[in-house]
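Spelled out from the first residue to the last, the chains are:
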Amino acid sequence: MAQLQSYTGGCQCGKVRYQVQVDLSGPVISCNCSMCGRSGTLLTFVPASQFTLLSGEDALTDYQFNKHVIHHLFCSTCGIKSFARGKDKSGADTVSINTRCLDGVDVQKLNVVAFDGRSR
Ligand SMILES: [Zn+2]
């Protein structure tokens, strides 16, 4: 059962702000890859149509590694990576949300699932 709810979120300094419709009753991913393992992001994925960047496009720095399929976007002022842009297996535009950056969300209550991204 998808329980889409609207959340706002963004980086620490406030330049990057977004709104997203997301179901947080499902699993969020704790990945151990060289990026997520270091930054500690807890990720959930939504279609790009459910994501609206409210401000900060010009503050974002784009970083790519490995297969260069994901745009890891971080705020050039405070360095927080609050979301990333990519494509799913079918090629549809997808946004990964760092649930730690959503306003009013207690990540301790989320259903965190480990993903072995390091081995992929
Ligand atoms: Zn910032």
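Residues numbered from 1 in each chain as written. Predicted model: local features only at pLDDT ≥ 70, side-chain atom pairs only at ≥ 80, totals over all residues. Heavy atoms only, no water.

## Here's the deal with the pairing of strand 7 (residues 71-75)
Phase 1: Where strand 6 (residues 60-63) lies against strand 7, four bridges are found, and the strand directions are antiparallel. Counted as the bridge partner of Asp 62 is Leu 73 from strand 7.
Phase 2: Alignment of strand 7 against strand 8 (residues 83-87), held across three bridges, turns out to be antiparallel. Bridge pairing links His 71 to Arg 85 in strand 8. (Pairing = 2+ DSSP bridges. Helix = DSSP H or I, 4+ residues; strand = E, 2+ residues; numbered from the N terminus.)

## Thoughts on the packing of aromatic side chains
Phase 1: On inspection of all chains with the given rule, the structure shows four aromatic pairs.
Phase 2: Centre to centre, the rings of Tyr 18 and Phe 83 are 5.6 Å apart; their planes meet at 75°, and the pair counts as edge-to-face. Of this pair, Tyr 18 sits in strand 2 (residues 17-23) while Phe 83 sits in strand 8, and the two are 65 residues apart along the sequence. The residues Tyr 18 and Phe 83 share a single accessibility class, namely buried.
Phase 3: Plain terms: the ring middles of Phe 51 and Phe 83 are 4.7 Å apart, the flat faces sit at 35° to each other, and that makes the pair tilted. Of this pair, Phe 51 sits in strand 5 (residues 51-55) while Phe 83 sits in strand 8; the two residues are 32 residues apart in sequence, bridging distant segments of the chain. Take Phe 51 and Phe 83: they sit in the same class, and that class is buried.
Phase 4: Connected via pairs of aromatic rings, a cluster forms that spans Tyr 18, Phe 51 and Phe 83. (Phe/Tyr/Trp six-rings, centres within 6.5 Å; stacked < 30°, edge-to-face > 60°. Buried < 20%, exposed > 50% of the residue type's maximum accessible area, 1.4 Å probe, protein only.)

## Observations regarding the coordination of the zinc ion
Phase 1: Within the protein, Cys 11 (SG), Cys 13 (SG), Cys 75 (SG) and Cys 78 (SG) serve as the donor atoms for the zinc ion, at 2.2 to 2.4 Å.
Phase 2: What the four donor atoms of the zinc ion show is an angle range of 104 to 116° at the metal, which sorts the shape as tetrahedral.
Phase 3: In the primary structure, the donors to the zinc ion are separated according to the pattern C-x1-C-x61-C-x2-C. Here Cys 11 is found in the loop between strand 1 (4-10) and strand 2, whereas its partner Cys 78 is found in the loop between strand 7 and strand 8, with 67 residues between them in sequence.
Phase 4: A residue is classified by how much of its surface remains accessible, and Cys 11, at 8% relative accessible area, is buried. (Donors = N, O, S within 2.8 Å, 3.2 Å for Na, K, Ca; no water. Tetrahedral: all angles 85-135°; square planar, octahedral: opposite > 155°, others 65-115°.)

## As for the confidence of the model for the chain
Phase 1: Residues with a pLDDT of 70 or more make up 98% of the chain, whose mean pLDDT is 94.
Phase 2: Least confident of the elements in the chain is helix 1 (residues 36-39), whose mean pLDDT is 91; most confident is strand 5, at 98. (pLDDT = per-residue confidence, 0-100.)

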